[in-house]
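Overview (structure and organization)
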Amino acid sequence: EDQVTQSPEALRLQEGESSSLNCSYTVSGLRGLFWYRQDPGKGPEFLFTLYSAGEEKEKERLKATLTKKESFLHITAPKPEDSATYLCASLIQGAQKLVFGQGTRLTINP
Amino acid sequence: GAVVSQHPSRVICKSGTSVKIECRSLDFQATTMFWYRQFPKQSLMLMATSNEGSKATYEQGVEKDKFLINHASLTLSTLTVTSAHPEDSSFYICSARPLTDTQYFGPGTRLTVL
């Protein structure tokens, strides 16, 4: 069964303390791996799509990387406004729907 | 670019009534639209996938007679919750996908059934 697992479930950091969020996937034929950010009471906001192992994408303090088994979302020198739930999702070849992980709730303390 | 809107953002209704939620892609044409439901502190649960001009494909366990989906144009999909009951109270989110793989999400609709 196609599965996406995110860890940790929740993470608290001090402002400026860099860290990484993990997304492990076991899917048959990955077409793409997606990262979204979701604030409370709002819909997910698209961050990145990764298609092949070794690919990296960056946006401000965030960098997403992809291997054959997992993806990492690295956050460098985070600020309180980076606090949110970060969701990763896989899209398999030939499918339309995303398989979502349970998310990581990130809290950045000032 | 890639903006998706939902209307209304919040709705409160009485048990037994029907509620319609609209999802629009504002600056692109969406070949496929998706409807999700999200419970507090949980991830998104896909309810159905709809392609413009076709009948929606519902996920296992989702009652298609209760959650009516219409995707009449490349920029509009609607979800109607028929004969709503308190257990239907939830956060409903739509997404739209252009010809790329990426889904863009709307801001969500909070439904409360009294």
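Residue numbers here run from 1 along each chain, matching the order of that chain's written sequence. Note on labels: chains are lettered from A, ligands numbered from 1, in written order. Restriction of local features to residues with pLDDT of at least 70 applies here, the model being predicted, together with a cutoff of 80 or more for giving and counting side-chain atom pairs; totals for whole chains, interfaces and linings are based on all residues. Computation of side-chain values: all heavy atoms of the structure, hydrogens and water removed.

**Some points on the environment of Lys57(A)**
All names here are of chain A. The condition that has to hold: Strands are runs of DSSP state E lasting at least two residues, helices are runs of H or I lasting at least four, and both sets are numbered from the N terminus onward. Residue exposure (1.4 Å probe, protein chains only): buried if accessible area is under 20% of the type maximum, exposed if over 50%, otherwise partly exposed. Whether two residues touch is decided by their heavy atoms; if any such pair falls within 4.5 Å, the residues are in contact.
Relative to the helices and strands, lysine 57 resides in strand S6 (residues 56-59). Since its relative accessible area comes to 29%, lysine 57 is described here as partly exposed. Considered as a pair, lysine 57 and arginine 12 are 45 residues apart in the sequence and their alpha carbons are 24 Å apart. Leaving out residues up to four positions away in the same chain, lysine 57 has contacts with Phe48, Thr49, Leu50, Leu62, Lys63 and Ala64.

**A word on the sheet that holds strand S3 (residues 19-26) of chain A**
Residue and element names in this part refer to chain A. For clarity, the threshold we go by: Any two strands are treated as partners once DSSP identifies two or more bridges connecting them. Lines are fitted to the C-alpha atoms to define the axes, a helix being fitted only along its stretch in contact, and any angle between axes, read from their N-to-C directions, falls within 0 to 180 degrees.
Strand order in the open sheet formed by five strands is S1-S3-S8-S7-S6, with antiparallel pairing between adjacent strands. Of all the strands in the sheet, the pair left with one neighbour each is strand S1 (3-7) and S6. The mean angle between the axes of side-by-side strands here comes to 15°, regardless of whether they run parallel or antiparallel. Here five bridges tie S1 to S3, and the two strands are oriented antiparallel to one another. Looking at S3, one finds that valine 4 is bridged to tyrosine 25.

**Observations concerning the interface of chain A and chain B**
Quick reminder of the rule: Buried area is calculated as the accessible area (1.4 Å probe) missing from two parts once they are joined, with the contributions of both summed. Salt bridges, as used here, are contacts in which a Lys or Arg side-chain nitrogen is within 4 Å of a carboxyl oxygen on Asp or Glu. Counted as a polar contact is a pair of N or O atoms within 3.5 Å, where, for protein atoms, one must be capable of donating a hydrogen and the other of accepting one, and residues adjacent in sequence contribute only when both atoms are in side chains.
Chain A puts 19 residues into the contact, and the matching count from chain B is 20 residues. Taken over both partners, the interface formed by chain A and chain B buries close to 1600 Å², and the fraction arising from carbon and sulfur atoms is 50%. On the chain A side of the interface with chain B, the three residues burying the most area are Gln96(A), Lys97(A) and Phe100(A), jointly 32% of the side's total. Taken together, the connections running from chain A to chain B amount to two salt bridges. For Lys97(A), the salt bridge goes to Glu59(B), with nearest N and O atoms at 2.7 Å. In this structure, the connection of chain A to chain B is made through nine residue pairs in polar contact (both at pLDDT 80 or more). Counting residues per element, the ones that place at least two in the side of chain A that touches chain B are strand S4 (30-38), strand S5 (45-50), strand S9 (84-92) and strand S10 (98-100) of chain A.

**Regarding the pairing of S3(A)**
Relative to strand S8 (residues 70-75) of chain A, S3(A) runs antiparallel, the two being bridged by six bridges. Directly across from Cys23(A), in S8(A), lies its bridge partner Ser71(A).

**Considerations on the nonpolar core**
Stated formally: Residues belong to one nonpolar core when they are buried, are Ala, Val, Leu, Ile, Met, Phe, Trp, Tyr or Cys, and are joined through side-chain atoms within 4.5 Å.
Ranked by size, the top nonpolar core spans 25 residues in total, and within it Val4(B), Trp35(B), Phe67(B), Leu79(B), Tyr92(B) and Leu111(B) carry the most contacts. Elements that contribute at least two residues to this core include exactly strand S2 (10-13), strand S3 (19-25), strand S4 (32-38), strand S5 (44-51), strand S7 (67-73), strand S8 (76-81), strand S9 (90-97) and strand S11 (109-113) of chain B. Excluding residues within four positions of it along the chain, Leu79(B) makes contact with Val19(B), Lys20(B), Ile21(B), Trp35(B), Phe67(B), Leu68(B), Ile69(B) and Tyr92(B). Membership of the second largest hydrophobic core comes to 24 residues, among which are Val4(A), Val27(A), Leu47(A) and Ile75(A).

**A few points about the environment of Asp65(B)**
Mapping Asp65(B) onto the fold places it in the loop between strand S6 (57-58) and S7. Sequence separation between Asp65(B) and His7(B) is 58 residues; the distance between their C-alpha atoms is 21 Å.

**Things to note about the sheet that holds strand S1 (residues 4-7) of chain B**
Residue and element names in this part refer to chain B. A sheet is described by the order of its strands in space; here four strands give the open sequence S1-S3-S8-S7, paired in antiparallel fashion. Single-partner strands in this sheet number two, and they are S1 and S7. Averaged over neighbouring strand pairs, the angle between their axes works out to 15° when direction is ignored. The pairing of S1 with S3 spans four bridges and is antiparallel. Of the residues in S3, the one forming a bridge with serine 5 is arginine 24.

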